Each structure stands twice: as structure tokens, then as C-alpha cells.
Amino acid sequence: MKNLYLASKNQGKIEEYKKLLLNVNCQLLLQPESIEVKEDGITFRENAIKKASEVSKKTGNYAISDDSGICIDALGGNPGIYSSRYAENDQKRIERVLNELDGEENRGAYFIANICVCSPLGDVILESEAKCFGNIILNPRGESGFGYDPIFEELSSKLTFAEMDNDLKDLCSHRGRALKKITPELLKLFA
Ligand code: IMP
């Protein structure tokens, strides 16, 4: 079985990937603590490529990364690529967004994920992108998930990501749908 390194230290993402890649015949390993990748790209795609490429080259194995975040219409697309750095922890990031949207009627937002898979030599072999549209609600709802999940109400279900069970979130989330697009190739790559 080939190794596949997940280029991330984000525990919430890791849990989602373990489930999403259940049918892919690979050993999913976490990015070694010693590897630090500077996310200094100016697009999600650029950061996703950088993460997968550096982790694959440094480990000599396949690597998969995603760069994701939430883009809020009334904030001109912010926090965007700065989603994980918008404040020092999830609770403060949520507070900041709610404060910045105080009194704002346009609550439209979307999550986006750019996924990249690199060969053990660091070459990009697969890429995918997906968005999930919704609204930022006034008060957080739900207990599960991570990050901005409690304040993002998905458009069709009217549930926040934090109110969804894992299966429903995988079905409609940016990450779940981006990964689904490249699953046939992943199944072949790790057959
Ligand atoms: P990255 O690790 O640089 O891609 O950072 C992504 C950041 O975007 C996370 O730390 C979260 O704050 C946010 N984010 C991305 N995907 C999700 C999600 O599915 N739910 C909630 N927050 C997310």
C-alpha cells in the first residue's frame, strides 16, 4: 500500500480526510511535525500547490493538500486566504466575523477548497476546486465540525455545517465535493 501524506496540521481537516479517503487504498499519514510550509501564496490554488509539493518532496511520498477558507461578500471576500489567521482561535475568528458583519444585511458567503495531489518528486498530478454557498447567521448554531462551521448556514439545507452530521457535510461541503471530483483518479493512482 502506498503512503499518502496529508499536507496539513489542522485536526478538523484530518478527521474529514480520513473518512473521505476511506475507499482509496493508501496509508494516510500526517504531515511530519518537522515540516513547516509557509502559506504565502496569494490564491488558494497557489497555497494548495505549495503545501502538497513541499510535503511530497520532503517525505519522498505522494502528498495531498487543500487550501480552503471562507469568503464573505460584504467583507470583499475576506477572510479568504487569511481564514485560519483571522484571529488567534476559532472562537475569536467567529467573533471577529460577526462583529464585522454587525448591522449588515448582505450575509452571503461561500467556502472554497482547492485540492492538490503531488507525486513523490513534487510534481502536480491532480487538482480540484469546489465551492459551497450559504449565509453567515447572526448567532452560532451547532456543536460539530471546526472553524467557521457554527456560523455558516448552507443554502439548500438551511443547516449550519456544525448542525450537520459528517455524512451530510461531506456531501455538500467544498472539501467533500472537490475531493469527489478527483476520487476516480485517486482510486486508480492507489489501486
Ligand atoms: P488552511 O488550513 O490554511 O487551508 O485554512 C483553512 C481555514 O479555513 C481553517 O483553519 C478554517 O478556519 C477555515 N475552514 C476551511 N474549511 C472549513 C470548514 O469546512 N469548516 C469551517 N472552517 C473551515
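(A) Representation of the site of the ligand in the model. Residues in close proximity to the ligand total 18 residues, the closest being K13, E39, D149, K169 and R175. Within the contact set of the ligand, an oxygen atom lies 3.3 Å away from a side-chain nitrogen or oxygen of D67. K169 is positioned such that a nitrogen or oxygen atom in its side chain is 2.8 Å from an oxygen atom of the ligand. Calculation on the ligand without its partners gives an accessible area of 490 Å², and the protein chains cover 95% of this total.

(B) Broad picture of the pairing of strand β5 (residues 124-136). Of the pairings in the sheet, the one linking strand β4 (residues 108-118) to β5 comprises 11 bridges and is antiparallel in character. Each residue of the ladder has a partner; that of G108, found in β5, is N135. In sequence, β4 turns back onto β5 through a hairpin of five residues, with G122 there showing a positive phi of about 95 degrees. Bridge count for β5 against strand β6 (residues 152-154) is three bridges, and the pairing is antiparallel. Bridge pairing in β6 places G134 opposite E154.

(C) Fine view of the sheet that holds β5. In spatial order, the strands read β2-β1-β3-β4-β5-β6; together these six strands make up an open sheet with mixed pairing. Each having just a single partner strand, β2 (26-30) and β6 make up the two edges of the open sheet. Taken over all neighbouring pairs, the strand axes of this sheet differ in orientation by 35 degrees on average, direction set aside. The sheet contacts of helix α2 (residues 44-59) involve β1 (2-6), β3 (62-72), β4 and β5, and relative to β3 the element is tilted by about 155 degrees. Contacts from helix α5 (residues 174-189) reach β1, β3, β4 and β5 within the one sheet, and its direction differs from that of β5 by about 160 degrees.

Calculation rules
Residues numbered from 1 in each chain as written. Predicted model: local features only at pLDDT ≥ 70, side-chain atom pairs only at ≥ 80, totals over all residues. Heavy atoms only, no water. Near = heavy atom within 4 Å. Polar contact = N/O pair within 3.5 Å; in protein donor to acceptor, adjacent residues only side chain to side chain. Areas by Shrake-Rupley, 256 points an atom, 1.4 Å probe, with all protein chains shown as cover. Pairing = 2+ DSSP bridges. Helix = DSSP H or I, 4+ residues; strand = E, 2+ residues; numbered from the N terminus. Axes fitted to C-alpha atoms, helices over the stretch in contact; angles between N-to-C directions. Contact = heavy atoms within 4.5 Å.

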